[in-house]
Amino acid sequence: MEWVPKTELGRKVLNGEITSIEEVFEKGYRIMEPEIVDLLLPNLKTEVFLIGGASGKGGGIRRVPVRRTTRMHKSGRRHKISMMVAVGNEDGWVGVGIGTGQMGKQREAYEKAIRNAKKNLIPILRGCGSWECRCAEKHSIPFAVHGKCGSVRVKLMPAPRGLGLCAPDEIKKLLRLAGIQDIWMKSRGDTRTRINFVYAVFDALKSLNRYKLPEEFKRASGILGGGE
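What you are looking at is a predicted structure, and each value in this text was computed from that prediction instead of being measured.

About the cut-offs
Residues numbered from 1 in each chain as written. Predicted model: local features only at pLDDT ≥ 70, side-chain atom pairs only at ≥ 80, totals over all residues. Heavy atoms only, no water. Salt bridge = Lys/Arg side-chain N within 4 Å of Asp/Glu carboxyl O. Helix = DSSP H or I, 4+ residues; strand = E, 2+ residues; numbered from the N terminus. Buried < 20%, exposed > 50% of the residue type's maximum accessible area, 1.4 Å probe, protein only. Contact = heavy atoms within 4.5 Å. Core = buried A, V, L, I, M, F, W, Y, C linked by side-chain atoms within 4.5 Å. Axes fitted to C-alpha atoms, helices over the stretch in contact; angles between N-to-C directions. Left-handed = near helix turned anticlockwise from the far one by under 90°. Nonpolar A, V, L, I, M, F, W, Y, C, P; charged D, E, K, R; others polar. Phe/Tyr/Trp six-rings, centres within 6.5 Å; stacked < 30°, edge-to-face > 60°.

**Student:** Looking at this structure, I do not really get the pattern of salt bridges. What am I missing?
**Tutor:** Pairing between side chains becomes possible if they bear opposite charge and their charged atoms approach one another. Taken as a whole and judged by the stated rule, the model has 13 salt bridges. When the shortest N-O distance is used, the salt bridge between K45 and E90 registers 3.3 Å. Residue K45 is located in strand β1 (residues 45–48), and its partner E90 is located in the loop between β5 (76–88) and β6 (93–102); the two are separated by 45 residues in the primary sequence. Looking at K45, the relative accessible area reads 42%, which means it is partly exposed. Judged by relative accessible area, E90 falls into the partly exposed class, the value being 39%. Among the salt bridges present, the one from D203 reaches R210, with a minimum N-O distance of 3.3 Å. You can call R210 exposed: its relative accessible area is 52%.

Below you can see the structure in the form of structure tokens.
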């Protein structure tokens, strides 16, 4: 089915007036149509988070990608499912989204989540802000940042090359898609709530773009593509 843009940004992308995703953010546009990302950043990778729980053998909880919720109405119980995914290209672009659907329609929830993740796409400022490394390459983050969602609070800190991702497995999925190879992480709050946990880390990654950095710091931390 041919895409018919509904926004000004969509029409400019389809007509070739905007040819890169960087130009979209430089001009301050908001992405409202996932097809824009499909044209400017093709072949994005997808990761599904295990946000649901099911009864495991011998008790306990077995993590599953589908979260089931039930609401009571006059006509009886109504069941819904939700899925949470992340999209990225491992080169400094990542987005997170949630999709919902009726019980038994996992594919519908999955496709909605992907569309929402593409609309939430953000650039990730990478560099080397670790005092142990100082290699001026884009393998970590340039400085420490904080993020929060609900009761969850996280802190991401630069790490030296070769350390790896010191984070839970579900969070590693998001960091790898963002193109981050080494990082320290601290968290507190109810991190068992996977949705809030992922969104708290995503909020911390957003914080990397909220500061105006001096040119000397950009060169030293590798943000400009190499140190002096």
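Moving on from the coordinates now.
**Student:** Explain the side chain of S82 to me, please; I cannot follow it from the model alone.
**Tutor:** Relative to the helices and strands, S82 is located in strand β5. A residue is classified by how much of its surface remains accessible, and S82, at 10% relative accessible area, is buried. S82 has contacts with I51, P65, V66, R67, I98, G99 and T100, leaving out every residue within four places of it along the chain.

**Student:** What am I meant to see in the nonpolar core here?
**Tutor:** In a soluble, globular protein the nonpolar side chains are often hidden away together inside. L156, L174, L175, I180 and V201 are the most contacted members of the largest nonpolar core, which totals 36 residues. Looking at this core, the elements with two or more residues in it are β5, β6, β9 (152–158), α5 (169–177), β10 (183–188) and α6 (194–207). Per-element accounting of this core gives the leading share, 8 residues, to α6. When neighbours within four sequence positions are excluded, L174 is seen to be in contact with F49, A86, V94, V96, V198, V201, F202 and L205.

**Student:** When you look at the packing of α5 against α6 in this model, what are you seeing that I'm missing?
**Tutor:** Between two packed helices, what matters for the description is the angle formed by their axes and the separation of those axes. In the contact formed by α5 and α6, the axes pass within 10 Å of each other and the chain directions differ by 35 degrees. By crossing handedness, the relation of α5 to α6 is classed as right-handed. Where α5 abuts α6, its residues E170, I171, L174 and L175 lie against R194, F197, V198, V201, F202 and L205. Of the residues contributing to the contact of α5 with α6, the split by class is 8 nonpolar, no polar and 2 charged.

**Student:** Help me understand the packing of aromatic side chains in this model?
**Tutor:** Each aromatic ring pair is summarised here by two numbers: the centre-to-centre distance and the angle between the ring planes. Summed over all chains, the structure comprises 1 aromatic pair. Aromatic side chains F25 and W93 sit 5.3 Å apart centroid to centroid with 45 degrees between the ring planes, which places their arrangement in the tilted category. Separated by 68 residues along the polypeptide, F25 in helix α2 (residues 21–26) and W93 in strand β6 bring together distant segments of the chain. Look at F25 and you get partly exposed, because its relative accessible area is 30%. For W93, a relative accessible area of 8% puts it in the buried group.

**Student:** Before we go on, may I ask you to explain unusual backbone geometry in this structure?
**Tutor:** Excluding glycine, most residues fall at negative phi; most peptide bonds, likewise, are trans. One non-glycine residue, N43, adopts positive backbone phi at about 60 degrees. On the secondary structure map, N43 appears in the loop between α3 (34–40) and β1.

**Student:** Would you mind showing me how to read α5 here?
**Tutor:** For an α-helix the count is 3.6 residues per turn, leaving residues at separations of three or four pointing the same way. Counted residue by residue, α5 has 7 buried out of 9 residues, so it is predominantly covered. Those residues of α5 that sit buried are E170, I171, K172, K173, L174, L175 and L177. The elements touched by buried residues of α5 are β1, β5, β6, β10 and α6. Once α5 finishes, G179 follows within two positions and takes phi at roughly 85 degrees, a positive value.

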